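# Structure assessment
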Amino acid sequence: MDMLMDREVIRNEALLLLTYLTREAEEIQKIVVFEGAFEKIFSIVKEEGGSEGGVVVQDCLELLNNLLRNNASNQVLLRETMGLDPLMSILRGTTYKFTQQKTINILSVLETIHLLMIGGREADPGKEKNSLTNKTVLVQKKVLDHLLMLGVENQWAPVPVRCMALQCIGDLIAGHPQNRDSLASKVLGEEPHVEPALNSILRIILRTSSVQEFVSADYVFKSFCEKNPDGQTMLASTLIPQPQLMTHAPFEDDVHMSFGSMLLHGLTMSESNGDLETCCRAASVLSHVLKDNMECKERVLKIKLEAPMPSLGGPEPLMHRMVKYLALSSSMNGNDGKSSGSGNAYVQPFILKLLVIWLSSCPNAVQCFLDSRPHLTYLLELVSNRAMTVCVRGLAAVLLGECVIFNKSNDSGRDALSIADAVSQKIGLTSYFLKFDEMQKSLLFTSAKPTLSRKQLTRSSAASMAEIEDVDENEAIDLKNDHAMLVSTLDSQFVNFLKHLEGEIREKTVEIYSHPKSQVAVVPAELEQRNGEADGDYIKRLKTFVEKQCLEIQDLLSRNATLAEDLARTGGNGSSELEHRPSAGAERVHVEALRRDLHEASQRLEMLKAEKTKIESEASMYRNLAGKMEADLKSLSDAYNSLEQTNFHLEREVKALSSGGAVPIPDVETLKAEAREEAQKESEAELNDLFVCLGQEQSKVERLSARLMELGEDVGKLLEDIGDDPGLPEDEEDED
């Protein structure tokens, strides 16, 4: 550290030695910082001329980066002591002439800014807070303006510098709402040709010939839209279809377009020149705008594009146009699956990613996709096409699965069960689920990174990184560039999202094949009553038919559940799980059967309770009727007694008159006999009617008692209050 203040030769050698010593050794890093490394580093940089300096400036910046990398405490110390102005002064000194050494120095400063925005180690509890603070201070120091100048406005900046500057812009706005708003409000250019910074970055995405520059610019939009629903809605609100004349306008005229118009222009460029690469780049941006934002998905669903020629039909939804481009890219592939056109190696994955994000949790998008029947047919063919790559087949399988799990349609042929049946018939469930496993095991998915991968800038690697230049159209289809494009779109977030969807698709498939349909469309002829068939026979036949159907359904559900679970667990760790649970499907169906039996028993119990209540009500009614008859019989008996008393009085009067001898006396015995005979006739008629009623009611009581005994009720207890009327025999004796 003392030698850094020595003469130039010794200083340079000491500086070079320190860059090696501080790469991994944290204790040495602490000693160097304690000895005032920051002040000495920036002093040497200023002395050497900043970004225009030679390799010494590069060594100083490499030492600075070693001290700041994954070290939050050193970052805080730099921010609180020296501040970040020395870094801004290095960027401020850039001109329109970039030598190789100057390019390396600028890249080193941009790496320093990147390290400050990371904030420290992943395990450091203060990493997020330190990162947000560094980002806030950097924007306050106008770093966003410098980055936009290097990455967007400066046409003379080398490709590596432009790429690194765009990546830093993405890092600067990631997870920082204020910085996102600052970028959204930035305007570039000079009057009258000014435009929002986001429009300029979109133009880079659509027009650059460098794959690395596209990936870096696309990262800006990914960071801007991540967890930013307001920003996504703002961008989606500009998606307004342009007239047919503007659709075929050259890219030079897009400076007058809004963000949404430029994006739609890029999506439909292939209509005029057959180049799908621009379309797939625009699709990548649109996928960021739609991700996890239901309002934007619904809004973009309503966009309708005019046909390229009036003879080809009327307007069609944007989603249908994207599927058409997907099919077009398939037709541009040869029988060996290799691309025969520009950029086709990654066109299909980009468009499929857009559709997967669009359909996720959006039933209306699924409905729109299935509105055209050829879409489903094409998707089934794409999944089973061996000429396609593992990635394309896997993403197409995920898209098919979304048509099942997010399908709310009840239309026959387009509901979830119909889609699952189509997959089973055209592909086979075993083959279908294998597409997921093949995709997850592919190199692209196993090597997915959470963010853009950046190599550490050292003296040995700096020269090669600074020599990246623009590529021409012929080099754009190089396999290395194709791989870079695919890696950019298949980041770890999207891979984890696909894994989550895969689990839902497997679970939904098991559910569909384990449960019957809720509605029965056709009534079997066996359920109709035959001509002349007695009700009892009809009920017995129905009971036999239902029991047979239940047994067949239970067996079918058991086999379907077992089959679905086996297929859903095919690949991965499914085999080991099946060894421990060989009859999981049968167990599930058995539980379902027990649950249904319990439900049926509960319903039968409720019916028996209702029938018992009805019988008790009828018994009470009969008891009241018997009481009424008893009262009528008693009234009749009283009337008979009254008649006897009247007869007795008449006899006494007759005897009194007879003893007087004044008038002729009729035959008393004859009168008594006639009166008794008349009363007896009336009494017998009424008693006969009463006995007939009692006989009928007794018959009903006997039938009800037999029914109660069949149902297991205690008839004696139920009828304990209904005994034989003790008054009846006495009355009968009186009658006799």
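Residues numbered from 1 in each chain as written. Predicted model: local features only at pLDDT ≥ 70, side-chain atom pairs only at ≥ 80, totals over all residues. Heavy atoms only, no water.

Naming follows an unreviewed UniProt entry, where the chain appears as Golgin candidate 6 isoform X2 of Coffea arabica. Quoted verbatim from the Subcellular location (unreviewed entry) heading of the UniProt record, the comment on the chain is "Golgi apparatus". (UniProt positions renumbered as here; feature names shortened; annotations may be inferred.)

### Some points on the overall build of the chain
Helix and strand counts for the chain stand at 36 helices and 4 strands. Here the contacts in the chain between residues at least 6 apart in sequence split such that 72% fall between residues at least 24 apart. A total accessible area of about 38800 Å² is found for the chain, and carbon and sulfur atoms account for 54% of it. (Helix = DSSP H or I, 4+ residues; strand = E, 2+ residues; numbered from the N terminus. Contact = heavy atoms within 4.5 Å. Areas by Shrake-Rupley, 256 points an atom, 1.4 Å probe, with all protein chains shown as cover.)

### Overview of helix H3 (residues 37–48)
Under the 1.5 Å per step criterion, the end-to-end length of H3 is 16 Å for 12 residues, consistent within 8% with the ideal 16 Å. Looking one or two places after H3, you find Gly 49, whose phi comes out positive at around 100 degrees. (Expected span 1.5 Å × (residues − 1).)

### Regarding the pattern of salt bridges
The tally for this structure, following the rule as stated, stands at 25 salt bridges. In this structure, the salt-bridge partner of Glu 316 is Arg 321, at a minimum N-O distance of 2.5 Å. Here Glu 316 and Arg 321 have matching classes, each one buried. Here Asp 371 and Arg 414 are joined by a salt bridge, their closest N and O atoms 2.7 Å apart. Taken together, the residues span a long stretch of sequence, with Asp 371 in the loop between helix H22 (363–370) and helix H23 (373–384) and Arg 414 in the loop between helix H24 (390–405) and helix H25 (416–426) at a distance of 43 residues. Several salt bridges converge on common partners, so that one network encompasses Arg 11, Glu 47 and Glu 48. (Salt bridge = Lys/Arg side-chain N within 4 Å of Asp/Glu carboxyl O. Buried < 20%, exposed > 50% of the residue type's maximum accessible area, 1.4 Å probe, protein only.)

### Focus: the packing of helix H4 (residues 55–68) against helix H7 (residues 100–118)
In the contact formed by H4 and H7, the axes pass within 9 Å of each other and the chain directions differ by 15 degrees. In terms of their interaxial angle, H4 and H7 are classed as roughly parallel. The handedness of the crossing between H4 and H7 is left-handed. Between H4, through Val 55, Val 57, Gln 58, Leu 61, Leu 64, Asn 65 and Leu 68, and H7, the contact on the second element is made entirely by Gln 101, Ile 104, Asn 105, Ser 108, Val 109, Glu 111, Thr 112, Leu 115 and Leu 116. Residue composition of the contact of H4 with H7, grouped by class: 9 nonpolar, 6 polar and 1 charged. (Axes fitted to C-alpha atoms, helices over the stretch in contact; angles between N-to-C directions. Parallel < 35°, antiparallel > 145°, perpendicular 65-115°, else oblique. Left-handed = near helix turned anticlockwise from the far one by under 90°. Nonpolar A, V, L, I, M, F, W, Y, C, P; charged D, E, K, R; others polar.)

### Here we look at the packing of aromatic side chains
Applying the stated criterion to the full structure yields 7 aromatic pairs. An aromatic cluster is present here, built from Phe 214, Tyr 346 and Phe 350 joined pairwise through their rings. One Lys or Arg, Lys 102, reaches over the ring of Phe 98 and ends 4.9 Å from the middle of that ring. Its end group placed over the ring of Phe 494, Lys 353 keeps NZ or CZ at 5.0 Å from the ring centre. (Phe/Tyr/Trp six-rings, centres within 6.5 Å; stacked < 30°, edge-to-face > 60°. Lys NZ or Arg CZ within 6 Å of the ring centre and 35° of its normal.)

### Side note on helix H8 (residues 127–140)
Taking 1.5 Å per residue as the helical rise, H8 with its 14 residues ought to reach 20 Å, and the 20 Å between its terminal C-alpha atoms agrees with that figure. Burial in H8 covers these residues: Lys 127, Asn 130, Ser 131, Asn 134, Lys 135, Val 137, Leu 138 and Val 139. Contacts from the buried residues of H8 go to helix H5 (72–80), helix H6 (85–92), H7, helix H9 (143–153), helix H10 (159–173) and helix H11 (177–185). Note on H8: the residue one or two positions beyond its end, Lys 142, has a positive phi of about 65 degrees.

### Describing unusual backbone geometry
Among all residues except glycine, the phi angle is most often negative; among peptide bonds, the trans geometry is most common. At Asn 70, a position not held by glycine, the phi torsion is positive, near 55 degrees. Turning to its location among the elements, Asn 70 is positioned in the loop between H4 and H5. For Asn 70, a relative accessible area of 36% translates into the label partly exposed. Its identity as a non-glycine residue notwithstanding, Ser 361 has a phi of 60 degrees, on the positive side. Position of Ser 361 relative to the elements: it lies in the loop between helix H21 (344–359) and H22.

### With respect to the pairing of strand S1 (residues 187–190)
Remark: a regular strand shows side chains that alternate across the two faces of the sheet. Relative to strand S2 (residues 193–196), S1 is paired through 4 bridges, and the arrangement is antiparallel. The partner of Val 187 across the bridge, within S2, is Pro 196. Linking S1 back to S2 in an antiparallel pair, the connection comprises 2 residues. (Pairing = 2+ DSSP bridges.)

### Remarks on the environment of Ile 113
Mapped onto the elements of the fold, Ile 113 is located in helix H7. Sequence-wise, Ile 113 and Met 88 are 25 residues apart; in three dimensions their C-alpha atoms are separated by 9.8 Å.

### Quick notes on the environment of Gly 151
One can find Gly 151 in helix H9. Separated by 17 residues in sequence, Gly 151 and Cys 168 have C-alpha atoms that sit 9.3 Å apart.

### Looking at the nonpolar core
Formed by 163 residues in total, the largest nonpolar core has its most connected members in Leu 110, Leu 318, Trp 358 and Tyr 432. Leaving out residues up to four positions away in the same chain, Tyr 432 has contacts with Val 383, Ala 397, Leu 400, Gly 401, Val 423, Ile 427 and Ile 505. (Core = buried A, V, L, I, M, F, W, Y, C linked by side-chain atoms within 4.5 Å.)

### Details of the side chain of Ser 409
Its location among the elements puts Ser 409 in the loop between H24 and H25. For Ser 409, a relative accessible area of 12% translates into the label buried. Within the structure, the side chain of Ser 409 is placed 3.1 Å from the backbone nitrogen of Asp 411, a separation counted as a polar contact. Apart from the residues lying within four places of it in its own chain, the contact partners of Ser 409 are Gln 367, Arg 414 and Asp 415. (Polar contact = N/O pair within 3.5 Å; in protein donor to acceptor, adjacent residues only side chain to side chain.)

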